[in-house]
Amino acid sequence: MTSYLTETTGIKSWLLTKDHKRIGLLFMIATALALMLGGVFALLIRFELVSPGPDFLDGLTYNQMFTHHGVVMVFLFMVPVIPTVFGNFFLPMMLGAPDVAFPRLNLASFYVYCAGAAIVLAALWFGGIDTGWTFYTPYSATSPTSVATAAFGVFVVGVSSILTGLNFIVTVHTLRAKNLRWLEMPLFVWAIYATAIIQVIATPVLGMSLLLVALDHAWGLGIFDPSMGGDPVLFQHLFWFYSHPAVYIMILPAMGVVSEVVCTFSHNRPSSYRAIAFSSLGIAFIGFLTWGHHMFVAGMSVVDVGVFGILSMMVAIFSAIKVFTWTITLKHGRIRFTTPMLYFFGFMFLFVFGGMTGVAVATSSLDVHWTDTYFVVAHFHFIMVGGTLTMYLAAIHYWFPKMFGRMYPERWGLIGAAGVILGFIFTFTPQFLLGNAGMPRRYWTYPPDYQWLNVASTAGATILALGLLVTLGYLIWALFKGPKAERNPWGSRGYEWLAPTPPPVHNFEAPLEITRGPYDYHLPET
Amino acid sequence: MDKTESQVMAEREHPGSGGKYVFALIALLCLTALTFGLHYVTVGELGMIVALTIAAVKVTIVGLVFMELRRSMVATRTVAAVAVVFVVLLCLGVFADVGFR
Amino acid sequence: MTDHGHQGPAPRVAIQFQDLAKQEHAAHFGMWLFLGSELLLFAGLFGLYTAYRTRYATAFAEAVHHNALWIGTTNVVILIVSSFTVAWAVHSLRRDRRRTTLWSLAITMLLGLLFLVFKGIEYGIHFRDGVFPGHYYAYQEMPGHGAQLFFTLYYFMTGLHALHMIGGLAAIGWVAARVARGKTTAAYPIPLELGALYWHLVDSIWIFLWPMFYLTTG
């Protein structure tokens, strides 16, 4: 029997594919490369910071390292990864559909991503950028680095994101199998749907803000230039109007993975389906009302500081609803400790901790002390790495058998997970202490008193890197030598597991008949 | 109750009279003339608010009649409404800053 | 499957859609999502206008005086009429009146071109006076920052709008060619309907730009 992997062969059948599953794999390779590149920049930062004075990087190069790390990680990995890889692969299958609504647009969004990434990488290679991934004016207008090219490259990647979001929204609205109602869809679909809404609404505003910066840098448009009467803080309003919701683009899909992993490995339905489904929409909506909390000390009016502070706390309510729902789901289930589950436990601890520090920095009077220090850096890495990266890894392991027809080695999976989670904790916990003690972010050198915490953080980063490399190693091995997987090795009730392993080109052998819910663990599987 | 896709398609295939487009055109041109006339008599920021309000009415007519939102599904109308809401949100957030410093 | 009773080949339903109605809805819905994203692209600029008008209220009001009211007003009338003609084209195609459709589309495109011609004339007047965007601003009569920012925003917003007009003209032209060749018909008018939706958005944006940049108040 042929599968989507073997039905057609040759490089053209992959590069010109309209099969959402192959497009998902193309994105998987591209985003994995971005993760590795971003990781290299991170290690360069951490090794430079091992000693208080200059080591092997000069100041300008150091500024480029943290900028490149941020730009590559945020725009080329974190924002696209779970939707373009697992959203592409599994959204249609979870709806019982043979593909997404617009398969050619799907392929186009991959090539637009590649074009944007190429432009960004060209900017990083020729001249670099040193403004921070946030491109703040007025410095971004005058920096001697390749700001205009990089900003334009990110703009193009943003177009890809909008196209993906658009495709997924239409898919959910129009391709659900007969009988599959909204409140019966798998929760991963709700997560991807809420994410897609943010992508379509928010990304164009980023596009505009970066376009204005690019034109200012290249041609002196000067719309944020104080020498022209312009207001640099307005750039921040436009930038964060996207970039705050962007963090929800980064975390919501990971939360969608959590719902799938928790239910499968506790062999239980979610304790409240609606709580999880609607809180996804809640996060998407409230996430748009909070952008000013990145600007508490930028010179905004007191009115905005107050309003954004309060609204920022409200978004935590929806995350808390999810965390409690998942916990109660576990309580009434039969838990199996597999690699995805281990990543989930890491997620729970790290996301909750990171989320609480988010409420802390949302308190504007406290944020005055912590803003622009390592405290904030630690906060967002706890969410982005501790939250999204762990569940990205969980998703790879959870869906590995379905995607590739093989099993990964469970023992190595646990070792890799331990390395990643422990490495992460040792990298970023010291950074909370550093920030609270006053060490600013994006600083190349520091007073000697801060050294031991920096050394601890770098040691942790090394462990984290090793954990990821080990994971990459055994996954590649498993692709070729892993034991063949059965159709549903986890006994999940998810609809994607009804398809053959690996799936045929149009996902199901016959149009899927939905006769039960995706979490009906009280019923037999078929 | 929301329409089904088949109902929307059937309505599009039986277009009825084009009178509604003519009425919409006349209404838009009248509102344009009204805005033009009003701008000679209104003063300051109130004048701008009046002009922008009439503009919003005009765009609503374009949306409902020319763009056929009146007979679209709820999902389509929601997309239009949500986009407008977020434009307003961004302008409000910026105004709450610049206007109160 | 509905019996269309129209001329033209029966449209093909792609495998991912259960029926033609869902496919057509997907096309329209997808187009609306795209239009939503386009509106949000302009959102940042409306935000900047709000901010700078608040800060430089007097300078903005004065600078509006310089813009040629007759050009801006003519252009808003042109676009409103062109929205009518493109809607009439859709209406005609649905009733299988191919010639009326083509005439309506031709007039739409002509009006669009006329809009751009007036815009070009207007920019020419500005250049002659030294009104340029950003750091190139050199208008002696209004040297202040407020006016400079007004005109920078004016150029950027009307320029971006003009780019969208050009895109709209290309789209309408492409659809008109399809109608002429009998590829887009009463049986499957979707490409024309989608092109028309885009055109209406471009018109709608100008309906807002007109009071913002041409109507002086007080």
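A quick note: this is a predicted structure, and the numbers were derived from the prediction, not measured.

A. View of the overall build of chain C. For chain C, the count of helices and strands is six helices and zero strands. What you see in chain C, going N to C, is helices and strands ordered as α-α-α-α-α-α. With respect to the principal axes defined by its C-alpha atoms, chain C has extents near 65 × 35 × 30 Å. Across the 218 residues in chain C, those meeting the buried criterion constitute 54%.

B. Broad picture of the overall build of chain B. In terms of helices and strands, chain B carries four helices and zero strands. Secondary structure of chain B in N-to-C order comes out as α-α-α-α. In terms of overall dimensions, chain B is more spread out than a globule: its C-alpha atoms have a radius of gyration of 18 Å, far above the 13 Å expected for 101 residues. Over its C-alpha atoms, taken along the principal directions, chain B stretches across nearly 55 × 30 × 15 Å.

C. Fine view of the interface of chain C and chain A. Tallying the contact residues gives 29 residues for chain C and 31 residues for chain A. Those elements that place two or more of their residues in the side of chain C that touches chain A are helix 1 (20-55) and helix 5 (145-180) of chain C. Ranked by the residues each element gives to the side of chain C that touches chain A, the list is headed by helix 1 of chain C, at 17 residues.

D. Representation of unusual backbone geometry. Following Thr 137 of chain A, the chain continues to Pro 138 of chain A via a peptide bond in cis, the omega torsion being -5°. Its place among the elements puts Pro 138 of chain A in the loop between helix 5 (103-125) and helix 6 (139-142). One non-glycine residue, Glu 68 of chain B, adopts positive backbone phi at about 60°. Exposure remark for Glu 68 of chain B: the 21 C-beta atoms within 10 Å place this residue in the buried category.

E. Spotlight on the packing of helix 3 (residues 59-78) of chain A against helix 7 (residues 147-174) of chain A. All names here are of chain A. Direction vectors running N to C along helix 3 and helix 7 enclose 20°, while the axes themselves pass 10 Å from each other. What the angle tells us is that helix 3 and helix 7 run roughly parallel. The interaxial crossing formed by helix 3 with helix 7 has left-handed handedness. Residue-level contacts link Val 71, Phe 75 and Leu 76 of helix 3 to Ala 150, Val 154 and Val 157 of helix 7. Across the contact of helix 3 with helix 7, the residue classes tally to six nonpolar, no polar and no charged.

F. Expanded view of the interface of chain C and chain B. Taken residue by residue, the interface counts 44 residues in chain C and 45 residues in chain B. Put simply, the parts of the chain that give the side of chain C that touches chain B at least two residues each are helix 1, helix 3 (69-94) and helix 6 (190-214) of chain C. With 19 residues, the top contributor of residues to the side of chain C that touches chain B is helix 1 of chain C. Residue composition of the side of chain C that touches chain B, grouped by class: 21 nonpolar, 17 polar and six charged.

G. The arrangement of helix 3 of chain A in detail. For helix 3 of chain A, built from 20 residues, the straight-helix expectation of 28 Å at 1.5 Å per residue is met to within 8% by its first-to-last C-alpha distance of 27 Å. Along helix 3 of chain A, 17 of the 20 residues are buried, which leaves the element largely enclosed by surrounding structure.

H. How the structure looks around the confidence of the model for chain B. Within chain B, residue pLDDT values average 94, and 100% of them lie at 70 or more. For chain B, helix 1 (residues 5-13) of chain B is the element with the lowest average pLDDT, namely 90, and helix 2 (residues 19-38) of chain B is the one with the highest, namely 97.

I. Here's a closer look at the packing of helix 7 of chain A against helix 1 of chain C. Remark: helix 7 of chain A packs on helix 1 of chain C, axes separated minimally by 10 Å, with the N-to-C direction vectors making an angle of 145°. Of the two possible hands of crossing, helix 7 of chain A and helix 1 of chain C adopt the one that is right-handed. For the pair helix 7 of chain A and helix 1 of chain C, the contacting residues are Ile 162, Leu 166, Ile 169, Val 170, His 173 and Thr 174 of chain A in the first and Lys 22, His 25, Ala 26, Phe 29, Gly 30, Leu 33, Phe 34 and Ser 37 of chain C in the second. By residue class, the composition of the contact of helix 7 of chain A with helix 1 of chain C is eight nonpolar, five polar and one charged.

J. The arrangement of the environment of Gly 222 of chain A in detail. As for its position among the elements, Gly 222 of chain A is in the loop between helix 8 (187-219) and helix 9 (232-265). On the neighbour-count criterion, Gly 222 of chain A (25 C-beta atoms within 10 Å) is buried. Separated by 85 residues in the primary sequence, Gly 222 of chain A and Thr 137 of chain A place their C-alpha atoms 9.8 Å from one another. Among residues more than four places away in sequence, those in contact with Gly 222 of chain A are Asp 216, Met 228 and Gly 230 of chain A together with Gly 134, His 135 and Thr 152 of chain C.

K. Local environment of the environment of Phe 77 of chain A. Residues and elements named next belong to chain A. Following the sequence through the fold, Phe 77 ends up in helix 3. Spatially, the C-alpha atoms of Phe 77 and Ala 30 are 8.6 Å apart, while their sequence positions differ by 47 residues. Once residues lying within four places of it in the same chain are set aside, the contact partners of Phe 77 are Thr 31, Ala 34, Leu 35, Gly 38 and Val 72.

L. Broad picture of the confidence of the model for chain C. Taken as a whole, chain C shows an average pLDDT of 94; of its residues, 96% reach a score of 70 or greater. Predicted complex, confidence summary: ipTM 0.95, pTM 0.96.

So, how was this worked out
Residues numbered from 1 in each chain as written. Chains lettered and ligands numbered in written order. Predicted model: local features only at pLDDT ≥ 70, side-chain atom pairs only at ≥ 80, totals over all residues. Helix = DSSP H or I, 4+ residues; strand = E, 2+ residues; numbered from the N terminus. Buried ≥ 20, exposed ≤ 12 C-beta atoms within 10 Å, placed from the backbone. Rg over C-alpha atoms; globule rule 2.2 N^0.38 Å. Contact = placed C-beta atoms within 7 Å. Axes fitted to C-alpha atoms, helices over the stretch in contact; angles between N-to-C directions. Parallel < 35°, antiparallel > 145°, perpendicular 65-115°, else oblique. Left-handed = near helix turned anticlockwise from the far one by under 90°. Nonpolar A, V, L, I, M, F, W, Y, C, P; charged D, E, K, R; others polar. Expected span 1.5 Å × (residues − 1). pLDDT = per-residue confidence, 0-100.

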